[in-house]
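The residues making up each chain are set out below.
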Amino acid sequence: VAIAGVSSPSSQGHLEAGSRLIDGIVPLNPAVARNLSAERVEEIALTRATYLGVAGSAFLSVNDVFRARPYFARALKITPKSPAILTLQGTADEIEGAGYNPDDVESLIMKRRASQVRTRLLLSAERLYQQALSVDPAYPLAQIRLGRVEFLFKNMKAAAASLRKGSAAAEDPSHRYL
């Protein structure tokens, strides 16, 4: 997180160098790759996806959604059913969507546009959180984030239920802030 807060462009260079190092774990020689066990191949894929998720989340922590998205997209290609990566991608949509507040603009056309973009991004976040929960119904962060999106949609009853369920299941101290 500290590296992303210093300078986003130079942070991206460092994180991309790390990504190349992680990608280097994958043997390029087909003869070597053929000799890897399925478990080892899966372990390497999980390591790559985890690194990409961490790199993207570093940018999310400083609200740099633009730089976070490519890391999540690459991670989802590796592990498309990862609740953690799906939740991170949803969080990117949620952060960006929450920034489009129709009340912050004067023009009716701009209000409509802000409302449409906000709704599209928040619906995408909601879909990604639900997808994460379909893979792992006990994943508390997806439940908590889903509650936040429901709150942003002013669906207070559903938001309260999701937030209660997520915080009750949360074991990680960073998820128990509610």
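Since the model is a prediction, treat every value here as computed from it, not as a measurement.

Conventions and cut-offs
Residues numbered from 1 in each chain as written. Predicted model: local features only at pLDDT ≥ 70, side-chain atom pairs only at ≥ 80, totals over all residues. Heavy atoms only, no water. Salt bridge = Lys/Arg side-chain N within 4 Å of Asp/Glu carboxyl O. Helix = DSSP H or I, 4+ residues; strand = E, 2+ residues; numbered from the N terminus. Buried < 20%, exposed > 50% of the residue type's maximum accessible area, 1.4 Å probe, protein only. Contact = heavy atoms within 4.5 Å. Axes fitted to C-alpha atoms, helices over the stretch in contact; angles between N-to-C directions. Parallel < 35°, antiparallel > 145°, perpendicular 65-115°, else oblique. Left-handed = near helix turned anticlockwise from the far one by under 90°. Nonpolar A, V, L, I, M, F, W, Y, C, P; charged D, E, K, R; others polar. Phe/Tyr/Trp six-rings, centres within 6.5 Å; stacked < 30°, edge-to-face > 60°. pLDDT = per-residue confidence, 0-100. Core = buried A, V, L, I, M, F, W, Y, C linked by side-chain atoms within 4.5 Å.

Notes on the pattern of salt bridges
Pairing between side chains of opposite charge can happen when their charged atoms approach one another.
Stage number 1. Counting across every chain of the model gives seven salt bridges.
Stage number 2. Among the salt bridges present, the one from R40 reaches E43, with a minimum N-O distance of 2.4 Å. One end of the pair is R40 and the other is E43, both in helix α4 (residues 38–60) and three residues apart, which spans about a single turn.
Stage number 3. When its relative accessible area of 35% is taken as the criterion, R40 is described as partly exposed.
Stage number 4. In this structure, E94 engages R145 in a salt bridge whose closest nitrogen and oxygen atoms are separated by 2.6 Å. Residue E94 is found in helix α6 (residues 83–98), and its partner R145 is found in helix α8 (residues 140–152); the two are separated by 51 residues along the sequence.
Stage number 5. What you see here is one network of salt bridges that share partners, running through R69, D93 and E96.

So, the side chain of S19
Stage number 1. By the element assignment, S19 lies in helix α2 (residues 8–23).
Stage number 2. What S19 contacts, discounting residues up to four positions off in sequence, is Y51, L52 and R74.

Points about the packing of α2 against helix α5 (residues 65–78)
Stage number 1. In contact at an axis separation of 11 Å, α2 and α5 are set at 15 degrees when each is read in the N-to-C sense. Relative to α5, the element α2 is oriented roughly parallel. In terms of crossing hand, the pair formed by α2 and α5 is left-handed. Only R67, Y71 and R74 of α5 make contact with α2, whose side of the interface consists of S8, P9, Q12, L15, E16, S19 and D23.
Stage number 2. Across the contact of α2 with α5, the residue classes break down as three nonpolar, three polar and four charged.

Structural notes on the environment of Y100
Stage number 1. Mapping Y100 onto the fold places it in the loop between α6 and α7 (108–135).
Stage number 2. Taking the C-alpha atoms as reference points, Y100 and I144, 44 residues apart in sequence, are found 21 Å from one another.
Stage number 3. Aside from chain neighbours lying at most four places away, what touches Y100 is A114, V117, R118 and L121.

Quick look at unusual backbone geometry
Trans peptide bonds make up the majority, and among non-glycine residues the majority have a negative phi.
Stage number 1. The phi torsion at N63 lies on the positive side, around 60 degrees, for a residue other than glycine.
Stage number 2. On the secondary structure map, N63 appears in the loop between α4 and α5.
Stage number 3. In this structure N63 comes out as exposed when scored by relative accessible area, which is 57%.
Stage number 4. Its identity as a non-glycine residue notwithstanding, K154 has a phi of 65 degrees, on the positive side.
Stage number 5. Position of K154 relative to the elements: it lies in the loop between α8 and α9 (156–169).

With respect to the packing of aromatic side chains
Stage number 1. Across all of its chains, the model carries one aromatic pair by this definition.
Stage number 2. Measuring from centroid to centroid gives 6.0 Å for F59 and Y71, while their planes differ by 20 degrees, and the two rings are stacked. One end of the pair, F59, is in helix α4; the other, Y71, is in helix α5, with 12 residues separating them in the sequence. Comparing F59 with Y71, the two get one shared label, buried.

Section: the confidence of the model for the protein chain
Stage number 1. Taken residue by residue, the protein chain gives an average pLDDT of 88. The fraction at 70 or more is 92%.
Stage number 2. Element-level mean pLDDT values for the protein chain span from 58 in helix α1 (residues 2–6) up to 97 in α7.

Notes on the nonpolar core
Stage number 1. If you look at the biggest cluster of nonpolar residues, it comprises 30 residues, and the most contacted ones within it are L15, Y51, L60, Y71 and F72.
Stage number 2. Where this core is concerned, the elements lending two or more residues are α2, α4, α5, α6, α7 and α8.
Stage number 3. In contact with F72, other than residues within four places in its own chain, are G53, G56, S57, L60, I85, L88, Q89 and A92.

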